[in-house]
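Here is what each chain is made of, one letter per residue.
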Amino acid sequence: MADKLTLEIITPEGFSFTETVDELTAPGTLGEFGVLPGHTGFMTTLDSGPITYRIGSTSKTITVTSAYAQVIDDHVLILADSAEIKE
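Residues numbered from 1 in each chain as written. Predicted model: local features only at pLDDT ≥ 70, side-chain atom pairs only at ≥ 80, totals over all residues. Heavy atoms only, no water.

(A) Here's a closer look at the overall build of the chain. Secondary structure assignment for the chain yields zero helices and eight strands. When its helices and strands are written in sequence order, the chain yields β-β-β-β-β-β-β-β. By its C-alpha atoms, the chain is 35 × 25 × 20 Å across when sized along the principal axes. Buried positions account for 33% of the 87 residues belonging to the chain. Just so you have it, the chain exposes about 4900 Å², and 52% of that area is on carbon and sulfur atoms. Here the chain carries 4 positive and 13 negative side-chain charges, and the mean point of each set is 9 Å from the other. (Helix = DSSP H or I, 4+ residues; strand = E, 2+ residues; numbered from the N terminus. Buried < 20%, exposed > 50% of the residue type's maximum accessible area, 1.4 Å probe, protein only. Areas by Shrake-Rupley, 256 points an atom, 1.4 Å probe, with all protein chains shown as cover. Lys, Arg positive; Asp, Glu negative; His and termini not counted. Charge placed at Lys NZ, Arg CZ, Asp CG, Glu CD.)

Rendered as structure tokens:
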């Protein structure tokens, strides 16, 4: 089991983001959920809202609209209509 996750976000406009993270939370359509390394695989839809991820003690946010998320083998793939990095 890995101790990190790979977070990948892709949009049709060409936005592409990949980062190695410790954990993340996302706005699932049935409620917010978190993913840690070793999480069981699943696929779900996301509401528009913030994807918050942590690297060490630093938290960062990317806001997505109308998205799908897939978690498999410590890799989280998010396909979104749009995404914006919050500084």
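(B) Inspection of the side chain of Thr11 at higher detail. Following the sequence through the fold, Thr11 ends up in the loop between strand 1 (5–10) and strand 2 (16–21). The residues touching Thr11, leaving out its near neighbours within four places in the chain, are Ala80, Asp81, Ser82 and Ala83. (Contact = heavy atoms within 4.5 Å.)

(C) Fine view of the packing of aromatic side chains. Applying the stated criterion to the full structure yields two aromatic pairs. Ring plane angle 50° and centroid distance 5.7 Å describe the contact between Phe17 and Tyr53, whose orientation is recorded as tilted. On the criterion of sequence distance, the pair formed by Phe17 in strand 2 and Tyr53 in strand 6 (residues 49–55) is long-range, its members being 36 residues apart. When the centroid spacing of 5.3 Å and the interplanar angle of 80° are considered together, the rings of Phe33 and Phe42 count as edge-to-face. Judged by relative accessible area, Phe42 falls into the partly exposed class, the value being 25%. (Phe/Tyr/Trp six-rings, centres within 6.5 Å; stacked < 30°, edge-to-face > 60°.)

(D) Representation of the nonpolar core. With 21 residues, the main nonpolar core has Leu7, Ile9, Leu24, Leu46, Val64 and Ile78 as its most contacted residues. Listed by contribution, the elements that provide at least two residues to this core are strand 1, strand 2, strand 3 (23–28), strand 4 (31–35), strand 6, strand 7 (58–72) and strand 8 (75–86). When sequence neighbours within four positions are dropped, the list of residues in contact with Val64 reads Ile9, Asp47, Ser48, Gly49, Ile51, Ala80, Ser82 and Ala83. (Core = buried A, V, L, I, M, F, W, Y, C linked by side-chain atoms within 4.5 Å.)

(E) Main features of the pairing of strand 6. With three bridges joining them, strand 3 and strand 6 adopt antiparallel strand pairing. Bridge assignment links Thr25 to a residue of strand 6, and that residue is Thr52. Sheet topology note: the strand 6/strand 7 ladder contains seven bridges and is antiparallel. The residue bridging Thr52 from the neighbouring strand is Thr61, located in strand 7. The hairpin formed by strand 6 and strand 7 contains two residues between the paired strands, and Gly56 there has a positive phi angle of roughly 65°. (Pairing = 2+ DSSP bridges.)

(F) Structural detail: the pattern of salt bridges. Under the defined criterion, the tally for this structure stands at four salt bridges. Here Arg54 ties to Glu23 by a salt bridge, and the two come within 2.7 Å at their closest N and O atoms. Residue Arg54 is found in strand 6, and its partner Glu23 is found in strand 3; the two are separated by 31 residues along the sequence. For Glu23, a relative accessible area of 27% corresponds to the partly exposed category. Linking Lys86 and Glu84 is a salt bridge whose minimum nitrogen-to-oxygen distance equals 3.7 Å. Look at Lys86 and you get partly exposed, because its relative accessible area is 40%. Salt bridges here are not isolated pairs; linked through shared partners, they connect Lys4, Asp22, Glu23 and Arg54. (Salt bridge = Lys/Arg side-chain N within 4 Å of Asp/Glu carboxyl O.)

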